[in-house]
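Geometric and topological summary
These are the residues of each chain, in order.
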Amino acid sequence: SKVKTDYETMYIDKDSPYDQEHIDLVTAIRKGEQINEAEATANSTLCAIMGRESAYTGAETNWKEMMDSTMRLGPTEYTLGKENMNAVIPLPGKAFEPEKKDSEKGKKPATGKIKS
């Protein structure tokens, strides 16, 4: 459903999430409010990382496991200058495996089977 605005040549699609995002932004600016979507963005990103890890390893993962993980997706230090660009290409079933804590040693690893 298109809505004609005050401007003769501009139409807004009320059903479009992209148009709604702009409407929300302009409304917040006019009211002097802030839009903070950082938590939703972080949660969405972690879900994507969990999906990628499950796809690479074939094993199930969960929120707590990912939050407690020692995996780094970026450099340990951010500096300017030359960088080692030798990337490790992930292979199915051969992804990052964090070092096991003493309390986890001897536990059976996930099978990666799909639950029905």
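As a reminder, the structure under discussion sits directly above these lines.
An account of the accompanying structure is given in this report.

**Details of the overall build of the chain**
Assigned secondary structure in the chain consists of three helices and two strands. When the elements of the chain are put in sequence order from the N terminus, they spell out β-β-α-α-α. Relative to its 116 residues, the chain shows a buried fraction of 11%. For the chain, the share of sequence-separated contacts (at least 6 apart) that also reach a separation of at least 24 residues comes to 38%. Only carbon and sulfur atoms are counted for the fraction: they give 55% of the accessible area of the chain, which is about 10800 Å².

**Quick look at helix α1 (residues 17–31)**
Note: α-helices contain 3.6 residues per turn, so residues at a spacing of three or four share the same orientation. Over its 15 residues, α1 extends 21 Å from the first C-alpha to the last, a length consistent with the 21 Å expected when each residue adds 1.5 Å. Positive backbone phi, at 75°, marks G32, one or two positions downstream of α1.

**Focus on the pattern of salt bridges**
Tallied over the full model, the rule gives two salt bridges. As a salt-bridge pair, R52 and E53 come within 3.1 Å of each other at their nearest N and O atoms. The partner of D68 in a salt bridge is K64, with the nearest N and O atoms 2.6 Å apart. Its relative accessible area of 38% is what places D68 among the partly exposed residues.

Each value, and the rule that gives it
Residues numbered from 1 in each chain as written. Predicted model: local features only at pLDDT ≥ 70, side-chain atom pairs only at ≥ 80, totals over all residues. Heavy atoms only, no water. Helix = DSSP H or I, 4+ residues; strand = E, 2+ residues; numbered from the N terminus. Buried < 20%, exposed > 50% of the residue type's maximum accessible area, 1.4 Å probe, protein only. Contact = heavy atoms within 4.5 Å. Areas by Shrake-Rupley, 256 points an atom, 1.4 Å probe, with all protein chains shown as cover. Expected span 1.5 Å × (residues − 1). Salt bridge = Lys/Arg side-chain N within 4 Å of Asp/Glu carboxyl O.

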